[in-house]
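Given next are the chains, with one letter for each unit.
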Amino acid sequence: MHVVSLNVGMPREVEWGGTRVLTGIFKSPVASTTPLRRLNLDGDAQADLTVHGGPDKAIYAYPSEHYEAWATRLGYEPTPGNFGENLTTEGLLEDAVHIGDEFRVGTARLVVTQPRLPCFKLGIRFGDPGMVKTFIQFGKPGIYFAVLEEGAVSPGDAIERLVEDASRITVAEMFRLVLDRNAPPDALRRLLGVRALAAVWRETLEERLGI
C-alpha cells in the first residue's frame, strides 16, 4: 500500500445554481513532502467546518483502483484529487480496511473513522448535480481518517497498517449500514462499539437506536 498522489487545496468561490458557493473540494497534487497536522495537511482547508473537516475527518483518502470504473461512467479519466481526496492511494480499499484500523503514512499515524457520504459540492466539482446520487450508487466511498500523531507525508510513501480493529467492521460495511434505514440493530450496536467511530455518526446511530 502506498500514496499515489498527495493533494491539497484552499477554499474558493464558484458559481453554482445562480449563487456563489465557497468550497474546498478542488484539490491539486503536490510533489513535495508536506506536514500533516491534527486537522489537515499544510496548504489544505475546508470551507464549511460544520459538515467538513474537523478532527474526525482530517484526511480523506480515495483508492486509485476505482478510477478506471469511474472513467467508464464519466466518459473521461479522472486525475488525482478529482474527488476532493487528500491522499490518492493504491492498495487501501474500503472492503479490506476497518473502522478503527490504525495506519502509518509517512511519519504520521492515522485512524479510520468513517466512509464518505458526499454533499452537493461533489456535484460542483464534476459540474453535475446528479453526481452525489451517482457516487452513492457506485458504492466506493473512500476513507476518512483522524490524526493520532502528526508527521509529514510525501507522494510515494508507504502506507502501513499498525493496528487492525477487533470489531472488523469494514468501511464498505459501515457505508451500507448507515444508508440502510432497516439495518439490523445488532450491527449498528457493533459499530457503536468501535471507539474510533466519528462522533457525528455515534450521535446519529445512538439516536436511531434510541440510546
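Residues numbered from 1 in each chain as written. Predicted model: local features only at pLDDT ≥ 70, side-chain atom pairs only at ≥ 80, totals over all residues. Heavy atoms only, no water.

### A closer look at the overall build of the chain
Each helix and strand in the chain was counted, giving 6 helices and 12 strands. Computed over the C-alpha atoms, the radius of gyration of the chain is 16 Å, within 12% of the 17 Å expected from 2.2 N^0.38 for a compact globule of 211 residues. For the chain, the spread of C-alpha atoms along the principal axes amounts to about 40 × 40 × 30 Å. In the chain, which comprises 211 residues, the share counted as buried stands at 49%. (Helix = DSSP H or I, 4+ residues; strand = E, 2+ residues; numbered from the N terminus. Rg over C-alpha atoms; globule rule 2.2 N^0.38 Å. Buried < 20%, exposed > 50% of the residue type's maximum accessible area, 1.4 Å probe, protein only.)

### Focus: helix α6 (residues 199-209)
Restricting attention to buried positions, one finds in α6 the residues Trp201, Leu205 and Leu209. Across the axial projection of α6, the buried residues extend over an arc of 65°, all falling on one side. Residues of α6 that are exposed and point over 90 degrees away from its buried face: Glu203 and Glu207. Taken together, the buried residues of α6 touch β9 (108-115), α4 (171-179) and α5 (185-192). Looking one or two places after α6, you find Gly210, whose phi comes out positive at around 70°. (Arc of directions from axis to C-beta. Contact = heavy atoms within 4.5 Å.)

### A word on the sheet that holds strand β12 (residues 159-163)
Taken in spatial order, the 8 strands of this open sheet run β4-β1-β7-β6-β10-β9-β8-β12, and their pairing is mixed. Two strands close off the open sheet at either side, each with one partner strand: β4 (28-30) and β12. Each neighbouring strand pair of the sheet contributes to a mean axis angle of 40°, computed without reference to strand direction. Across 4 bridges, the pairing between strand β8 (residues 102-105) and β9 is antiparallel. Bridged to Glu102 within β9 is Val111. (Pairing = 2+ DSSP bridges. Axes fitted to C-alpha atoms, helices over the stretch in contact; angles between N-to-C directions.)

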